[in-house]
Amino acid sequence: MDIGTFRGITTLLIMIAFLGVVFWAYSKRRKKDFDEASRLPFADEDDDATSRDRSGTQEKTSSRQDEGDKNS
């Protein structure tokens with residue numbers, strides 16, 4: 001078995017693995033999971049914004065920044 005045959009077999013195996021990942025990613029069974037995962041970043045922002053408004057954390061953060069400027 002020479003180097004050309006080895007490279008050909010390696011290329012074929014990598015192409016089969018790539019096509020397997022593509023079919024897995026675009027399969028209808030996975031669509032629900034990927035849609036849910038795509039909404040995760042927005043779910044955290046909504047929770048943080050409502051808790052920040054209620055507790056007044058935003059005002060405390062800005063006062064800390066002001067104190068940092070005075071100490072410099």
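Preceding this paragraph is the structure being described.
Residues numbered from 1 in each chain as written. Predicted model: local features only at pLDDT ≥ 70, side-chain atom pairs only at ≥ 80, totals over all residues. Heavy atoms only, no water.

Visitor: Break down the overall build of the protein for me, with residues and values.
Guide: When helices and strands are tallied, the protein shows 4 helices and 0 strands. Going from the N terminus to the C terminus, the protein shows its helices and strands as α-α-α-α. When the 72 residues of the protein are sorted by exposure, 0% land in the buried category. Carbon and sulfur atoms provide 58% of the accessible area of the protein, an area that totals close to 7,000 Å². (Helix = DSSP H or I, 4+ residues; strand = E, 2+ residues; numbered from the N terminus. Buried < 20%, exposed > 50% of the residue type's maximum accessible area, 1.4 Å probe, protein only. Areas by Shrake-Rupley, 256 points an atom, 1.4 Å probe, with all protein chains shown as cover.)

Visitor: Lay out a nonpolar patch on the surface with the relevant residues and their values.
Guide: The grouping of Met-1, Ile-3, Phe-6, Ile-9, Leu-12, Leu-13, Met-15, Ile-16, Phe-18, Leu-19 and Phe-23 at the surface amounts to a nonpolar patch, some 1,200 Å² of accessible area in total. Judged by its relative accessible area of 45%, Met-15 is partly exposed. (Patch = residues over 30% accessible without salt bridge, like charges linked within 9 Å, V, L, I, M, F, W, Y side chains within 5 Å. Salt bridge = Lys/Arg side-chain N within 4 Å of Asp/Glu carboxyl O.)

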